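A structural walkthrough
This is what each chain is made of:
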Amino acid sequence: MAFACQQNSYLKELTTKVTSCTPAELKLVINGKKQTVKGYEVITEDTVLFPEGGGQPDDRGTMNDIEVLRITRRGADAILFVETPIEPGTEVIQKVDWTRRFDHMQQHSAQHLVTAIAEAKYGWPTTSWDLGREKSSIEMNTTKINIEDLQVLESEVNEAIRKQLAMTPRLVELGSHELDGVRTRGLPDDHVGKIRIVEIEGIEANLCCGTHVSNLSHLQSIKLLGAEKGKKNKTNVYFLAGNRVLSYLSKCLANEKLLTGHLKCGPEDHPQATEKIQKSLKVANKNTTMLLRDLAVLEAHRFNNQLNKDPIFVLHRKEGDSEFLNMVANEINLQGTLALLTSGDQKGVGLFLVAGPDDIIKEVGPKIAELLEGKGACKNGRFQGKANKMSKRAIAEETLRQYTEKLASS
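Our subject in this report is the structure included herewith. Computed from a prediction, not measured in an experiment: that's the story for all the values here.

Details of the overall build of the protein chain
A tally of helices and strands in the protein chain yields nine helices and 19 strands. Relative to the 2.2 N^0.38 estimate, which gives 22 Å for 410 residues, the radius of gyration of the protein chain is 32 Å and therefore markedly larger than a compact globule would have. Principal-axis analysis of the C-alpha atoms gives the protein chain an extent of 100 × 55 × 40 Å. Counting over 410 residues, the protein chain shows a buried share of 42%. Across the protein chain, the fraction of contacts at a sequence separation of at least 24, relative to all contacts at a separation of at least 6, is 64%. On the protein chain, roughly 22,800 Å² of surface is accessible, and the fraction owed to carbon and sulfur atoms is 49%. Of the side chains in the protein chain, 54 bear a positive and 54 a negative charge, and the two mean positions are spaced by 6 Å.

Considerations on the sheet that holds strand β9 (residues 136–140)
Within the open sheet, the four strands sit side by side as β8-β9-β14-β13. Their pairing is antiparallel. Where the open sheet ends on each side, the last strands, each with one partner, are β8 (126–130) and β13 (222–229). The average angle at which neighbouring strand axes cross in this sheet is 20°, direction not considered. Of the strand pairs in this sheet, β8 and β9 are connected by four bridges, and their pairing is antiparallel. Within the sheet, the bridge partner assigned to T126 lies in β9 and is M140. Docked against the sheet, helix α2 (residues 98–122) engages β8, β9, β13 and β14 (235–241), running at close to 135° with respect to β14.

Overview of the pairing of β9
Most of β9 sits out of view: five of its five residues are buried. Side chains S136, I138 and M140 project from β9 onto one buried face, and the interleaved S137 and E139 project onto a second face that is buried too. In sequence, β8 turns back onto β9 through a hairpin of five residues. Both β9 and β14 contribute to a ladder of five bridges, which runs antiparallel. Across the sheet, residue I138 finds its bridge partner in β14, namely V237.

Structural notes on helix α8 (residues 393–401)
Those residues of α8 not exposed but buried are A396, T399 and L400. Seen along its axis, α8 keeps its buried residues to an arc of 100°; they face one direction. Tucked inside the fold, the buried residues of α8 contact β15 (312–317), β16 (338–344), β17 (350–355), α7 (358–371) and α9 (404–409).

With respect to unusual backbone geometry
Positive phi, normally seen in glycine, also occurs at N31, with a value near 55°. Even without glycine at this site, E373 takes up a positive phi of about 55°. As for its position among the elements, E373 is in the loop between α7 and β18 (375–379). For E373, a relative accessible area of 39% corresponds to the partly exposed category.

Quick look at the packing of aromatic side chains
A full pass over the atoms with the stated rule returns five aromatic pairs. Their ring planes at 25° and their centres at 5.6 Å tell us that W98 and F102 sit as a pair that is stacked. Of this pair, W98 and F102 both sit in helix α2, four residues apart, roughly one helical turn. By relative accessible area, which is 17% here, F102 ends up buried. Note on Y122 and W124: the rings are 4.3 Å apart at their centroids and 10° apart in plane angle, and the pair reads as stacked. You can call Y122 partly exposed: its relative accessible area is 23%. Grouped by ring-pair contacts, the aromatic residues Y10, W98 and F102 constitute a single cluster. Positioned above the aromatic ring of Y238 is the side chain of K135, whose terminal nitrogen or guanidinium carbon lies 4.9 Å from the ring centre.

Looking at the pattern of salt bridges
Within the structure shown, the criterion is met by 20 salt bridges. The partner of E41 in a salt bridge is R74, with the nearest N and O atoms 3.3 Å apart. Of this pair, E41 sits in strand β2 (residues 33–44) while R74 is found in strand β5 (residues 70–74), placing the two residues 33 residues apart along the sequence. When the shortest N-O distance is used, the salt bridge between R170 and E199 registers 2.6 Å. Here R170, found in strand β10 (residues 167–172), pairs with E199, found in strand β11 (residues 195–200); they are 29 residues apart in sequence, far enough to count as distant. Since its relative accessible area comes to 27%, R170 is described here as partly exposed. Owing to a relative accessible area of 30%, E199 belongs among the partly exposed residues under this scheme. Linked through salt bridges whose partners overlap, the residues forming this network are D58, R60, R70 and R100.

Parameters at a glance
Residues numbered from 1 in each chain as written. Predicted model: local features only at pLDDT ≥ 70, side-chain atom pairs only at ≥ 80, totals over all residues. Heavy atoms only, no water. Helix = DSSP H or I, 4+ residues; strand = E, 2+ residues; numbered from the N terminus. Rg over C-alpha atoms; globule rule 2.2 N^0.38 Å. Buried < 20%, exposed > 50% of the residue type's maximum accessible area, 1.4 Å probe, protein only. Contact = heavy atoms within 4.5 Å. Areas by Shrake-Rupley, 256 points an atom, 1.4 Å probe, with all protein chains shown as cover. Lys, Arg positive; Asp, Glu negative; His and termini not counted. Charge placed at Lys NZ, Arg CZ, Asp CG, Glu CD. Pairing = 2+ DSSP bridges. Axes fitted to C-alpha atoms, helices over the stretch in contact; angles between N-to-C directions. Arc of directions from axis to C-beta. Phe/Tyr/Trp six-rings, centres within 6.5 Å; stacked < 30°, edge-to-face > 60°. Lys NZ or Arg CZ within 6 Å of the ring centre and 35° of its normal. Salt bridge = Lys/Arg side-chain N within 4 Å of Asp/Glu carboxyl O.

Following this line, the structure appears as structure tokens:
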């Protein structure tokens, strides 16, 4: 198995011929929704578009300017999914989305390098890896990796990059002695033909079908972002390579500039300034809670001391929260009273609480929630939740008033 993309990963364009075109369907995620797309599975004599495999996602590109939506492998063939049919025998020009391809080459080659040095130096074998859209991860068979070892590992992989070591693919026959000592996780069940080995000069040789850089210098650099506990006593190491390092640095610098403007201090003082703000916010939140509690007591006191007390108590406080609503409910004399307490945007989203005798609230609470186009739950004479139509509070109040006769007789 050696497509043009595997013989020369730097090849960006290829002229070839279509050998078959079969109607098919493909499930894709479009704008966050799963959709079934009708199209065609096209097989060509060769392909410069890499089919997914070895933990590496498939390429993107075009074939005679027709967008190729997915490339997979089936035995010795690469299957290219398109929405437009192409007659067998047609000569086509395949073009690779080079930005995506080179990014995948950098991340995949970086994984090989990190895996090889981590196992050789620390005895941490790689059990799997994931080439993510923003960052990639390597699952290593070790229970823990401390920060000091991670820093040494990062230093050594970047030292290998500076040595400009060659990274070379080659094909060997199944059963060849050249396979002795080669790192492998096994061959796929439908493998056909010779076996492909990717070798990093003086470091390792690995069975792999993916696209790779020809020299470690093309990786530019590798940044190990950290290590986290994984599944089954394993550890996940997160990393960036090549252009992703530069992109990540650009984002960090942009965030640093924003923080400098907001915090009114240099980057070296950001941690202290942030800690100071957090302490101030904690004090402010505590003071706000105390003020809300006082306000709840005053509102309840005013209602409880009315001469001709309304059987319905209604209160809306825009800046209130669920804690405030419960504070008010705690202070109100609910003997002979039903309460409708709300907070948030008067015409949009907010919180609500209906309080009173448990039997009545169990009945009226769901109706209030439905009127306010919200959801909630009932417990101990209180039905509370989130509403999407606070503009219907007047209708909710009127619904509550319909229960005053039942309240009076309870």
